[in-house]
Amino acid sequence: MTEFWLISAPGEKTCQQTWDKMMAATTRSNNLSANHKFNIPDLKVGTLDVLVGLSDELAKLDSFVESVVKKVAQYMADVLEDSRDKVQENLLANGVDLVTYITRFQWDMAKYPIKQSLKNISEIISKVEMLCQHWAPSLCNVHVIVTLLCATRGSLLTRSLADIVKKDDFVLDSEYLITLLVVVPKTAYTDWQKTYETLAEMVVPRSSNLLFEDNDSGLFSVTLFMKAIDDFKHKARENKFTVRDFQYNEEEMKADKEEMTRLSTDKKKQFGPLVRWLKVNFSEAFIAWIHIKALRVFVESVLRYGLPVNFQAMLLQPSKKTMKKLREVLNDLYKHLDSSAAAIIDSAMDIPGLNLSQQEYYPYVYYKIDCNLLDFKV
């Protein structure tokens, strides 16, 4: 589980007391989360109008930069499809893994000088948006490469079949017969063998052969009369068998094979520089994203808790099983900060099946940081 809750609460007599109180409530008796202090430096506050404006601007910037982080991470995973176990070691921030970077977060004084106003710091961080726009053509090139690579070695439902099938697999130059290629899930092999001859009239008995298989599916050939094609496709779809739209053409297949050879050569040439490019730009975007979170916590804490600046930012890492209980404990701990918000949360928790989203308002400052950036777990 790599979801973090970045929260803040006003300081008691000291910020250390705020930390100790939260630790006692969440770890000492019930172990609801792993907690870390989140260090935000003393920033220049500015006026109330500036803070309110920044709050809205940072929310938009947060969402945008998160989408860029996820996009670059997914491209890295796609490029490293032959070795996805290496994805984690390439998705780093400042040379360390993401969890380490977040739990040991230190403000980058060189990039974002704290002597500057909040507005200026926000503008410096927001330059990542312009940087992302500068990356756009490169990201587009990455996407093209990834798409083409997937076409050559992706799922049997979409990949090129030029390097799989051969002339002997087909009935060719017949006035009445045609050979179709069907993708069948491995779990349905038995069903296919039992039913393919009856999916339509005029299917040639015992004409199906397994030509190729990947981890999930097999590619079967089947021969039938041309007039039965539409009926066969319809019945196949009902049985979750997928008929590929493919016609055997030696010239087209030769061109496909030549294209695959070219892509393979291009991939070897571009693989190293591409991974390095993605690695550098992922780190830049992720670091900017976490600084945006830190700036949002600071701005929102000042707006909520007032001046002088006195709050403790804290990073909580709950498990999936403890999330609901942790939310209840935090609500009990901080409901005095905003009784109306606490009442809404209490009511919501009494309604089965109603989950409070990241956008919900809590009595304490709260932002979620989700490090599950990919469709698969790194």
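Small disclaimer: the values here were computed from a predicted structure and weren't measured.

A.B. asks: Summarise a nonpolar patch on the surface; cite the residues concerned and give the values.
C.D. replies: Residues Y176, M202 and F225 make up a contiguous nonpolar surface patch of roughly 300 Å² in combined accessible area. Mapped onto the fold, Y176 is located in the loop between α5 (118-153) and β5 (177-185).

A.B. asks: So what about the packing of aromatic side chains? Which residues, and what values?
C.D. replies: Summed over all chains, the structure comprises 18 aromatic pairs. Relative to F105, the ring of Y101 has its centre 6.1 Å away and its plane inclined at 80°; by these criteria the two rings are edge-to-face. F105 carries the same exposure label as Y101, and that label is buried. Three or more aromatic residues joined by ring pairs make a cluster, and in this case those are F38, Y101, F105, F282, F286 and W289. Against the face of W5 rests R327, its NZ or CZ located 3.9 Å from the ring centre. Sitting above the plane of the Y366 ring, R327 keeps its charged end 4.3 Å from the centroid.

A.B. asks: Help me get a handle on the sheet that holds strand β6 (residues 209-213), residues and values and all.
C.D. replies: With respect to topology, four strands assemble into an open sheet ordered β6-β7-β5-β8, the strand pairing being antiparallel. The open sheet has two edge strands, β6 and β8 (242-244), and neither has a second partner. Neighbour-to-neighbour, the strand axes of this sheet turn through a mean angle of 35°, independent of strand direction. For β5 and strand β7 (residues 217-225), the ladder comprises nine bridges, and the chain directions are antiparallel. Within β7, the position partnered with V182 by the bridge is F220.

A.B. asks: Please provide a residue-by-residue account of the packing of helix α1 (residues 15-26) against helix α9 (residues 323-334), values included.
C.D. replies: Running from amino to carboxyl end, α1 crosses α9 at an angle of 140°, the nearest separation of the two axes being 10 Å. Compared by their axis directions, α1 and α9 come out oblique. Where α1 crosses over α9, the two elements pack in a sense that is right-handed. From α1, K21, M22, A25 and T26 reach across to α9, where they touch L326, V329, L330, L333 and Y334. Its residues assigned to classes, the contact of α1 with α9 comprises seven nonpolar, one polar and one charged.

Scoring rules and cut-offs
- Residues numbered from 1 in each chain as written.
- Predicted model: local features only at pLDDT ≥ 70, side-chain atom pairs only at ≥ 80, totals over all residues.
- Heavy atoms only, no water.
- Patch = residues over 30% accessible without salt bridge, like charges linked within 9 Å, V, L, I, M, F, W, Y side chains within 5 Å.
- Areas by Shrake-Rupley, 256 points an atom, 1.4 Å probe, with all protein chains shown as cover.
- Salt bridge = Lys/Arg side-chain N within 4 Å of Asp/Glu carboxyl O.
- Helix = DSSP H or I, 4+ residues; strand = E, 2+ residues; numbered from the N terminus.
- Phe/Tyr/Trp six-rings, centres within 6.5 Å; stacked < 30°, edge-to-face > 60°.
- Buried < 20%, exposed > 50% of the residue type's maximum accessible area, 1.4 Å probe, protein only.
- Lys NZ or Arg CZ within 6 Å of the ring centre and 35° of its normal.
- Pairing = 2+ DSSP bridges.
- Axes fitted to C-alpha atoms, helices over the stretch in contact; angles between N-to-C directions.
- Parallel < 35°, antiparallel > 145°, perpendicular 65-115°, else oblique.
- Left-handed = near helix turned anticlockwise from the far one by under 90°.
- Contact = heavy atoms within 4.5 Å.
- Nonpolar A, V, L, I, M, F, W, Y, C, P; charged D, E, K, R; others polar.

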